[in-house]
Amino acid sequence: MGKLYIVGFGPGGYEHMTQKAIEVIQKADVVTGYTTYVKILEEFFPDKHYIATPMMQEIKRCEMAVEEAKKDQVVAMVSSGDSGIYGMAGIIYQVAAEKGAKIEIETVPGVTAASAAASVLGAPLMHDFAVISLSDLMTPLDLIMKRVDCAGQGDLIVCLYNPKSKKRTGYVEQAARILMRYRSEKTPVGIVRNAGRKGETTCITTLGEIGDAEIDMFSVVIIGNSQTYTRDGKMITPRGYQV
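Structure report, in brief.

Conventions used here
Residues numbered from 1 in each chain as written. Predicted model: local features only at pLDDT ≥ 70, side-chain atom pairs only at ≥ 80, totals over all residues. Heavy atoms only, no water. Helix = DSSP H or I, 4+ residues; strand = E, 2+ residues; numbered from the N terminus. Rg over C-alpha atoms; globule rule 2.2 N^0.38 Å. Areas by Shrake-Rupley, 256 points an atom, 1.4 Å probe, with all protein chains shown as cover. Lys, Arg positive; Asp, Glu negative; His and termini not counted. Charge placed at Lys NZ, Arg CZ, Asp CG, Glu CD. Buried < 20%, exposed > 50% of the residue type's maximum accessible area, 1.4 Å probe, protein only. Contact = heavy atoms within 4.5 Å. Disulfide = S-S within 2.5 Å. Pairing = 2+ DSSP bridges. Axes fitted to C-alpha atoms, helices over the stretch in contact; angles between N-to-C directions. Left-handed = near helix turned anticlockwise from the far one by under 90°. Nonpolar A, V, L, I, M, F, W, Y, C, P; charged D, E, K, R; others polar. Patch = residues over 30% accessible without salt bridge, like charges linked within 9 Å, V, L, I, M, F, W, Y side chains within 5 Å. Salt bridge = Lys/Arg side-chain N within 4 Å of Asp/Glu carboxyl O. Core = buried A, V, L, I, M, F, W, Y, C linked by side-chain atoms within 4.5 Å.

**Section: the overall build of the protein**
If you tally the helices and strands in the protein, you get 7 helices and 13 strands. Since a compact globule built from 243 residues should have a radius of gyration of about 18 Å, the 19 Å found for the protein is in line with a globular shape. Roughly 12300 Å² of accessible area belongs to the protein as shown, and the carbon and sulfur atoms make up 51% of that amount. The positive charge centre, built from 27 side chains, and the negative charge centre, built from 28, are 2 Å apart in the protein.

**So, the side chain of Thr32**
Of note, Thr32 is situated in strand β2 (residues 30–34). Residue Thr32 is classed as buried on the basis of its relative accessible area, which comes to 1%. Residue contacts for Thr32: discarding those within four places in its chain leaves Ile51, Ala65, Val75, Ala76, Met77 and Val78.

**Thoughts on the state of the cysteines**
Under the criterion given, the structure shown has 0 disulfides. Cys203 carries a free sulfur, and the closest cysteine sulfur to it, the one in Cys159, is 15 Å from it. Residue classification places Cys203 among the partly exposed residues on the basis of a relative accessible area of 35%.

**A few points about the sheet that holds strand β5 (residues 104–108)**
With respect to topology, 5 strands assemble into an open sheet ordered β3-β2-β4-β1-β5, the strand pairing being parallel. The open sheet has two free edges, formed respectively by β3 (50–53) and β5, since each of these has just one partner strand. Adjacent strand axes in the sheet meet at a mean angle of 20°, parallel and antiparallel pairs treated alike. Sheet strands touched by helix α4 (residues 89–99): β1 (3–8), β4 (74–79) and β5. Its angle to β5, the strand with the most contacts, is close to 175°.

**Focus: the packing of helix α6 (residues 141–153) against helix α7 (residues 171–179)**
Two elements in contact, α6 and α7, have axes separated by 9 Å at closest approach and are oriented at 35°. Here the hand of the crossing between α6 and α7 comes out right-handed. On α7, the residues touching Leu141, Met145, Val148, Asp149 and Gly152 of α6 are Tyr171, Gln174, Ala175, Ile178 and Leu179. Its residues placed into classes, the contact of α6 with α7 shows 7 nonpolar, 2 polar and 1 charged.

**Considering the environment of Pro124**
Locating Pro124 in the fold gives a position in the loop between β6 (122–123) and β7 (129–133). With relative accessibility at 0%, the residue Pro124 sits in the buried group. Separated by 101 residues in sequence, Pro124 and Asn225 place their C-alpha atoms 9.0 Å apart.

**Side note on the pairing of β4**
The buried fraction of β4 is high, at 5 of 6 residues. Both β1 and β4 contribute to a ladder of 6 bridges, which runs parallel. Note that in β4 the partner of Ile6 across the bridge is Met77. Strand direction decides the pairing type here: β2 and β4, joined by 4 bridges, are parallel.

**Digging into a nonpolar patch on the surface**
A grouping of Met55, Met56, Leu137 and Met138 is seen on the molecular surface, where their side chains present a nonpolar patch of about 540 Å² in accessible area. Classification of Met138 by relative accessible area gives exposed; the value is 78%.

**Regarding the nonpolar core**
The biggest cluster of nonpolar side chains holds 23 residues, and the ones touching the most others in it are Ile132, Val221 and Ile223. Where this core is concerned, the elements lending two or more residues are β7, α6, β8 (157–161), α7, β9 (188–193) and β11 (219–223). With 6 residues, the top contributor of residues to this core is α7. Ignoring sequence-local partners within four residues, the contact set of Val221 consists of Val158, Cys159, Leu160, Pro163, Val189, Gly190, Ile191, Ile210 and Ile215. With 18 residues, the next largest nonpolar core counts Ile40, Phe45, Ala76 and Val78 among its residues.

**Some points on unusual backbone geometry**
Excluding glycine, residues mostly carry a negative phi; peptide bonds, for their part, are mostly trans. If you check the backbone angles, Met56 has positive phi at about 75° while not being a glycine. Considering the arrangement of structural elements, one finds Met56 in the loop between β3 and α3 (58–69). Given the relative accessible area of 59%, Met56 is considered exposed. Within the chain, Asn194 stands out as a residue other than glycine whose phi angle is a positive 55°. Overall, Asn194 belongs to the buried group, its relative accessible area being 12%.

Distances and angles like these do not, on their own, reveal function.
So this is what it looks like as structure tokens:
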């Protein structure tokens, strides 16, 4: 029986990959994934057999991975971050079920973008938080902003994935306006670009000034709650301990 691993390899650097992820990729007969992710892994595992597809071909990519596993091979379907958080795990299970594939599937977790970005910023995720993708390719915009509003009402720290693209230029500011109904415009906001990868940059600004910050699809935006503060260039959310 073939084996299909759905592997989260973390933010991109070798040092952030789990030992399990490294072992699975090394032993795989075939490594499949989004073209950008495959290029990252080729640097660390140059001798592997890769099958890559571009963006917007996720289902095709999963079908190819399942078909390779049906040949009694070990296949690693790779995602950056954690494969079960905005990754390929859900689609793989759906495709395998649709095809009636008699293969073994195992999900391998990885360091997700939220924790990678938080480690760069200091300690912004020390209390309850929500991770919300601002991409409306799969989710209607009004529902996305409803989730932002609910997070604001609950005073949750908010981590935004896919915050801005060439077509989606104003969603971050729209989310900020919603959150400012419930928290100060002085609320700290951390922005990390290429977290854990080459070219990593970081910026700390405020909720009221977020529109002036440089943000793109490679950025993770972490918006503090009502208790978050900055000190010595770091962003900190207290848990409630009395120090």
